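Here is what each chain is made of, one letter per residue.
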Amino acid sequence: MPGMMFQICFWRHSFGGKIMEHFYIIVNPMRDAQLHLTKEIQRFIQESGGTCGYQANHVQESMSFDQRLIPDETECILVVGGDGTLLRAARDMAERNIPLIGINTGHVGYLCELEAKTAIQGVHQLLRGADYTVESRMLLSGRRVKGSVTDQRIALNDIVIHRSGMLQVVDLIISVNGEYLNTYSADGIIIATPTGSTAYSMSAGGPIVDPRADLLLLTPISPHSLNAKSIVLGAEDEVTIEVRTRNEGHGGQVEISFDGDPVGVLKEGEQILVKKAQVSTRILKLSRMSFLERLRKKLQGSSW
């Protein structure tokens, strides 16, 4: 038995994380009244010998926060809010390659590792170098081929092309790597990452995928065909979606959303190209719960 105890202790120590000292908080001020939790976390870190700054994000702006205020030595970004806050932080911070951990003060928080009541405990674990892992999550890159909007954007969960202001369905011509695949008559289409497989894509009938996987999910929204199924593509594939109106000359258009945030429209004949982004985001995990265990709990009606 003493030998067994030694092996168990050694195994836990081997998987321990690096002690962290330098933190930064990105907070959604609508989800943390008077920044009470944010200031409590900051105070705890500073009293424990670490450093911690913070700033509130601004949802209505193209960049939700100012990256220049985040020190270069930052080892972990604590995101206080809900899934939306974490998604925006993941997009905006992809180039910095700093691990993120979500602290849920919103309604759902599937992507968040901690809750408000466990935030201090979780930060304490990081300060003492307790067990944690950092998962690399792929991002999507989308850019318009035609039209006035030519900038390129990225998404952690999904890029959604969906009808807007029309009762009729839209026709979306899908090509993969320049080869025609199918024309979907539907309310729209979702291109999702493995991380986004448990979001809108799952609601539309798409498969659930381990978030650490490297692939693309193509799922039609309310398709007007019995054989229109979700398609799994390789991570290196490039998907082109072109809008074709059902009634010529009616000027049909669809909206584009990145992680639920509307970014513009596609008009008749216009295209958007979607592929794996060159950058990825890093999500910090404190729990040893496996993806299958989380999935099992979810399917049984428990929270993630």
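That block above? That's the structure.
What comes next is a walk through the structure.

Rules of the game
Residues numbered from 1 in each chain as written. Predicted model: local features only at pLDDT ≥ 70, side-chain atom pairs only at ≥ 80, totals over all residues. Heavy atoms only, no water. Helix = DSSP H or I, 4+ residues; strand = E, 2+ residues; numbered from the N terminus. Areas by Shrake-Rupley, 256 points an atom, 1.4 Å probe, with all protein chains shown as cover. Polar contact = N/O pair within 3.5 Å; in protein donor to acceptor, adjacent residues only side chain to side chain. Contact = heavy atoms within 4.5 Å. Pairing = 2+ DSSP bridges. Axes fitted to C-alpha atoms, helices over the stretch in contact; angles between N-to-C directions. Parallel < 35°, antiparallel > 145°, perpendicular 65-115°, else oblique. Left-handed = near helix turned anticlockwise from the far one by under 90°. Nonpolar A, V, L, I, M, F, W, Y, C, P; charged D, E, K, R; others polar. Disulfide = S-S within 2.5 Å. Buried < 20%, exposed > 50% of the residue type's maximum accessible area, 1.4 Å probe, protein only. Expected span 1.5 Å × (residues − 1). Arc of directions from axis to C-beta.

This part covers the overall build of the protein chain. On a plain count of helices and strands, the protein chain comes out with 6 helices and 17 strands. Accessible surface, the protein chain as shown: approximately 15400 Å² in total, 51% of it carbon and sulfur.

To continue, consider the side chain of Thr219. With respect to the helices and strands, the residue Thr219 is situated in strand β12 (residues 215–221). At 3.3 Å, the side chain of Thr219 forms a polar contact with the side chain of Ser201. Setting aside chain neighbours within four positions, we find Thr219 in contact with Ile189, Ile190, Ser201, Ala204, Gly206 and Ser230.

Before going further, it helps to examine the sheet that holds strand β15 (residues 253–258). Within a sheet, adjacent strands bond to each other through the backbone by hydrogen bonds, running parallel or antiparallel. Spatially, β13-β12-β11-β8-β15-β16 is the arrangement adopted by the 6 strands of the open sheet, whose pairing is antiparallel. The two strands at the open ends of the sheet, each matched to only one other strand, are β13 (231–234) and β16 (261–267). Here the average twist between neighbouring strands, direction ignored, is 20 degrees. Pairing analysis gives 5 bridges linking strand β11 (residues 188–192) to β12, with the strands arranged antiparallel. Following the sheet pairing, Ile191 is matched in β12 by Leu218.

Right, let's talk about the pairing of strand β17 (residues 271–285) for a bit. As paired strands, strand β6 (residues 133–144) and β17 are joined by 11 bridges and run antiparallel to one another. Looking at β17, one finds that Arg137 is bridged to Thr281. As defined by bridge partners, strand β14 (residues 239–244) adjoins β17 across 4 bridges and the pair is classed as antiparallel. Paired with Val239 across the bridge in β17 is Val274.

What follows deals with the packing of helix α2 (residues 36–47) against helix α4 (residues 119–127). The interhelical angle for the contact between α2 and α4, taken along N-to-C directions, is 30 degrees, at an axis separation of 10 Å. Taken as axis vectors, α2 and α4 run roughly parallel relative to one another. Along this stretch, α2 crosses α4, giving a crossing that reads as right-handed. Of the residues in α4, those touching α2 at Leu37, Glu40, Ile41, Phe44 and Ile45 are Ala119, Ile120, Val123, His124 and Leu127. Across the contact of α2 with α4, the residue classes break down as 8 nonpolar, 1 polar and 1 charged.

This next bit is on the state of the cysteines. This structure, assessed with the given rule, holds 0 disulfides. Note on Cys76: no disulfide assigned, nearest cysteine sulfur contributed by Cys52 at a separation of 9.6 Å. In this structure Cys76 comes out as buried when scored by relative accessible area, which is 0%.

A separate point is α2. In a regular helix each residue adds 1.5 Å, so 12 residues correspond to 16 Å; α2 covers 17 Å between its end C-alpha atoms and thus fits that length. Burial in α2 covers these residues: Leu37, Thr38, Ile41, Gln42 and Ile45. Take α2 and look down its axis: the buried residues cluster within an arc of 135 degrees, on one side only. Exposed residues lying more than 90 degrees from the buried face of α2 are His36 and Glu47. Residues of α2 that are buried in the fold lie against β1 (22–27), β2 (51–56), β3 (76–81), β4 (100–104) and α4. Remark: Gly49 follows α2 within two positions and exhibits a positive phi of approximately 95 degrees.

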